[in-house]
Structure formats: C-alpha cells, structure tokens
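Residue-level listing of the chains:
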Amino acid sequence: MNKFAERLRELRLDSGMSRKQLAEACQTFERNISYWELGQRECNFDMLIKLANALNTTTDYLLGRTDY
C-alpha cells in the first residue's frame with residue numbers, strides 16, 4: 001500500500017469519520033475515498049487539498065513527504 005493510501009485511512013479513522021462523512025466533507029463520492037484508501041486510484045490536486053483540510057493535516061503529510 002502506498003503512503004498516501006495508508007495515511008488517508010489512518011487519519012480518517014483517527015478522526016472518527018466514516019468514508020461517507022469524509023466524502024461529504026470533500027464533496028465527492030464515497031467510492032472515491034475507498035479507491036484512494038485502497039491505492040487503486042489517485043486523487044487530483046484540488047481534492048488533495050480538500051482531504052487535507054477535512055482531516056486537519058497537510059498535503060505533505062498525506063503524500064508522505066513529512067512525518068508530522
């Protein structure tokens with residue numbers, strides 16, 4: 001599993017959000033969250049920013065560029 005997929009799932013679970021709740025917060029479909037968490041697809045830049053904001057983290061952390 002890639003770093004983005006691992007961290008996305010980890011942060012979502014730590015925040016207590018379901019895939020559906022995260023999808024609603026980011027204005028996307030629940031299945032997209034699933035694809036990204038399973039490493040089956042990649043999100044675009046705009047969605048990466050929405051995910052980081054919804055999960056209260058940075059894009060660098062989600063991408064595995066930093067460990068904090």
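Since the model is a prediction, treat every value here as computed from it, not as a measurement.

Here the focus is the overall build of the chain. Of the regular secondary structure elements, the chain holds 5 helices and 0 strands. Element order for the chain, N to C, with α for helix and β for strand: α-α-α-α-α. Taking 2.2 N^0.38 as the reference for a compact globule, 68 residues should give roughly 11 Å; the C-alpha atoms of the chain span a radius of gyration of 10 Å, in line with that estimate. Dimensions of the chain, computed from C-alpha atoms along their principal axes, come out at roughly 25 × 25 × 20 Å. Taken across its 68 residues, the chain has 38% of its residues classed as buried. For the chain, long-range pairs separated by at least 24 residues make up 52% of all intrachain contacts whose partners lie at least 6 apart in sequence.

Within helix α2 (residues 19-26), the full set of buried residues consists of L22, A23 and C26. All buried residues of α2 project into a common sector of 100° when viewed along the axis, lining one side. Of the surrounding secondary structure, the elements contacted by the buried residues of α2 are α1 (3-14), α3 (30-37) and α4 (45-54).

Summed over the entire model, instances satisfying the criterion amount to 0 disulfides. Looking at the unpaired C26, the closest cysteine sulfur is the one in C43, lying at 9.0 Å. Relative accessible area serves as the criterion here: at 0%, C26 is assigned to the buried category.

This brings us to the nonpolar core. Judged by nonpolar contacts, the single largest core of 17 residues is most densely connected at F4, L8, L22, W36, C43, L51 and L62. Listed by contribution, the elements that provide at least two residues to this core are α1, α2, α3, α4 and α5 (59-63). In terms of residue count, the dominant contributor to this core is α4 (4 residues). Ignoring any residue separated from it by four or fewer positions in sequence, one finds L51 in contact with F4, L8, L22, C26, I33, W36, C43 and L62.

About the criteria used
- Residues numbered from 1 in each chain as written.
- Predicted model: local features only at pLDDT ≥ 70, side-chain atom pairs only at ≥ 80, totals over all residues.
- Heavy atoms only, no water.
- Helix = DSSP H or I, 4+ residues; strand = E, 2+ residues; numbered from the N terminus.
- Rg over C-alpha atoms; globule rule 2.2 N^0.38 Å.
- Buried < 20%, exposed > 50% of the residue type's maximum accessible area, 1.4 Å probe, protein only.
- Contact = heavy atoms within 4.5 Å.
- Arc of directions from axis to C-beta.
- Disulfide = S-S within 2.5 Å.
- Core = buried A, V, L, I, M, F, W, Y, C linked by side-chain atoms within 4.5 Å.

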